[in-house]
Amino acid sequence: MSKTFNFDTQLNNYKSLGLALSGGIDSALLLYYLLNQDYKIKCYTLIDKNNDNNRQAATDIKDLIEKKTGKTVEHFEFFEYEKDHEQGKREKMTEIWTNLFNSNTIDCILTGATQYLKSIDDKWNQGDKKKATDTKWMKGSGTYITYRPFLEHDKTWIKQGCDANELTDNLVKITVSCVSTSTPPCKDCLWCAEKYQVFGCY
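Reading the values: rules and limits
Residues numbered from 1 in each chain as written. Predicted model: local features only at pLDDT ≥ 70, side-chain atom pairs only at ≥ 80, totals over all residues. Heavy atoms only, no water. Helix = DSSP H or I, 4+ residues; strand = E, 2+ residues; numbered from the N terminus. Buried < 20%, exposed > 50% of the residue type's maximum accessible area, 1.4 Å probe, protein only. Core = buried A, V, L, I, M, F, W, Y, C linked by side-chain atoms within 4.5 Å. Contact = heavy atoms within 4.5 Å. Pairing = 2+ DSSP bridges. Axes fitted to C-alpha atoms, helices over the stretch in contact; angles between N-to-C directions. Parallel < 35°, antiparallel > 145°, perpendicular 65-115°, else oblique. Left-handed = near helix turned anticlockwise from the far one by under 90°. Nonpolar A, V, L, I, M, F, W, Y, C, P; charged D, E, K, R; others polar. Phe/Tyr/Trp six-rings, centres within 6.5 Å; stacked < 30°, edge-to-face > 60°. Lys, Arg positive; Asp, Glu negative; His and termini not counted. Salt bridge = Lys/Arg side-chain N within 4 Å of Asp/Glu carboxyl O. Polar contact = N/O pair within 3.5 Å; in protein donor to acceptor, adjacent residues only side chain to side chain.

K.L.:
Sorry, what's going on with the environment of Thr-183 here?
P.N.:
Tracing the backbone shows Thr-183 in the loop between α5 (168-174) and α6 (190-199). You can call Thr-183 exposed: its relative accessible area is 59%. Separated by 130 residues in the primary sequence, Thr-183 and Asn-53 place their C-alpha atoms 9.7 Å from one another.

Given below as structure tokens:
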């Protein structure tokens, strides 16, 4: 596994890049690759008002990756939302990204979205069904452009990238995959199952 990642050259057409920094390992690795290749990045983290366990994780990730690369994130901001938002989380994200685009804050949003592990049966029915129809580059409703550079890969590939860049040990300690509102990690959800199968911990 190479220590670097080759971004689509189309990314160079955009001057103000935003990253959806979820607090998980996928977006953490994406932030590392972006900063390590001198991209200027603004990070945005969505926080469930009833479950903010990814707030500290996102902050710790930013600090770790900045220290590791010697580069800094241009801007870091949290957006709170209600889990039971009538449109759902994906639609709430669309609303936030659209506002950022309309205000000329960013002109491209990147996410660390990956495919679910085929070896895990989503018995919980928690996976995002729309992911199957997503593409690496997608024009959102309204004006914004989304780039998902890791979309063709899964957590196994993510671990290879983390290992190659000596990030794994630190990231597994500070990242959050579980979205349980009680006592995460719940050890019994799709995200916990994926993280445990690949990284051997929750």
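Read on for the rest.
K.L.:
Help me out: how do you make sense of the nonpolar core in this one?
P.N.:
Nonpolar side chains tend to gather and get buried jointly when the protein is soluble and globular. Grouped together as the largest cluster of nonpolar side chains are 40 residues, with contacts concentrated most on Phe-7, Leu-11, Leu-19, Leu-31, Leu-34, Ile-41 and Leu-110. Among the elements that make up this core, the one with the highest residue count is helix α1 (residues 25-36) (nine residues). Other than its neighbours up to four places away in sequence, Leu-11 contacts Leu-17, Leu-34, Tyr-39, Cys-108, Leu-110, Trp-137 and Tyr-147. Ala-20, Leu-46, Ile-96 and Ile-106 belong to the second-largest nonpolar core, a separate cluster that totals eleven residues.

K.L.:
Mind showing me how you'd approach the sheet that holds strand β5 (residues 137-139) here?
P.N.:
Sheet strands line up and pair through hydrogen bonds in the backbone, either parallel or antiparallel. Taking strand neighbours across the sheet as the criterion, the six strands line up as β3-β2-β1-β4-β6-β5 in an open arrangement whose pairing is mixed. On the outer flanks of this sheet lie β3 (75-81) and β5, each paired with one strand and no other. On average, each strand axis in the sheet is tilted by 25° relative to the strand beside it, whichever way the strands run. Bridge count for strand β1 (residues 17-20) against strand β2 (residues 41-48) is four bridges, and the pairing is parallel. Of the residues in β2, the one forming a bridge with Leu-17 is Ile-41. The sheet contacts of helix α2 (residues 53-69) involve β2 and β3, and relative to β3 the element is tilted by about 170°.

K.L.:
When you look at the packing of helix α4 (residues 155-164) against α6 in this model, what are you seeing that I'm missing?
P.N.:
In a pair of packed helices, the angle between the axes and the distance between the axes together describe the arrangement. Running from amino to carboxyl end, α4 crosses α6 at an angle of 50°, the nearest separation of the two axes being 10 Å. Put simply, α4 runs oblique to α6. As for how α4 packs across α6, the hand of that crossing is right-handed. The segment α4 lies against α6, with Lys-155, Thr-156, Ile-158 and Lys-159 engaging Glu-194, Val-198 and Phe-199. Looking at side-chain class alone, the contact of α4 with α6 contains three nonpolar, one polar and three charged residues.

K.L.:
Would you mind showing me how to read the packing of aromatic side chains here?
P.N.:
The geometry of an aromatic ring pair comes down to the distance between the two centres and the angle between the two planes. Under the defined criterion, the tally for this structure stands at 15 aromatic pairs. Consider the rings of Phe-5 and Phe-7, whose centres lie 4.9 Å apart with planes at 80°: the pair is edge-to-face. Here Phe-7 falls in the buried class, since its relative accessible area comes to 10%. Centre to centre, the rings of Tyr-33 and Phe-150 are 6.2 Å apart; their planes meet at 85°, and the pair counts as edge-to-face. You can see Tyr-33 sitting in helix α1 and its partner Phe-150 sitting in the loop between β6 (145-147) and α4, a full 117 residues away along the chain. The class for Tyr-33 is buried, based on a relative accessible area of 1%. Members of the aromatic cluster, connected to one another through ring pairs, are Phe-5, Phe-7, Tyr-32, Tyr-33, Tyr-39, Phe-150 and Trp-157.

K.L.:
Any chance you could explain the side chain of Thr-146 here in plain terms?
P.N.:
Tracing the sequence through the fold places Thr-146 in strand β6. On the accessibility criterion, Thr-146 (5% relative accessible area) is buried. Once residues lying within four places of it in the same chain are set aside, the contact partners of Thr-146 are Ile-109, Thr-111, Lys-136, Trp-137 and Met-138.

K.L.:
Any chance you could explain the side chain of Lys-42 here in plain terms?
P.N.:
Note that Lys-42 resides in strand β2. There is no salt bridge for the buried Lys-42, and the closest opposite charge comes from Glu-74, which lies 4.8 Å off by N-O distance. At a separation of 2.7 Å, a polar atom in the side chain of Lys-42 contacts the main-chain carbonyl oxygen of Thr-105. In contact with Lys-42, other than residues within four places in its own chain, are Ser-16, Leu-17, Gly-18, Leu-19, Val-73, Glu-74, His-75, Thr-105 and Ile-106.

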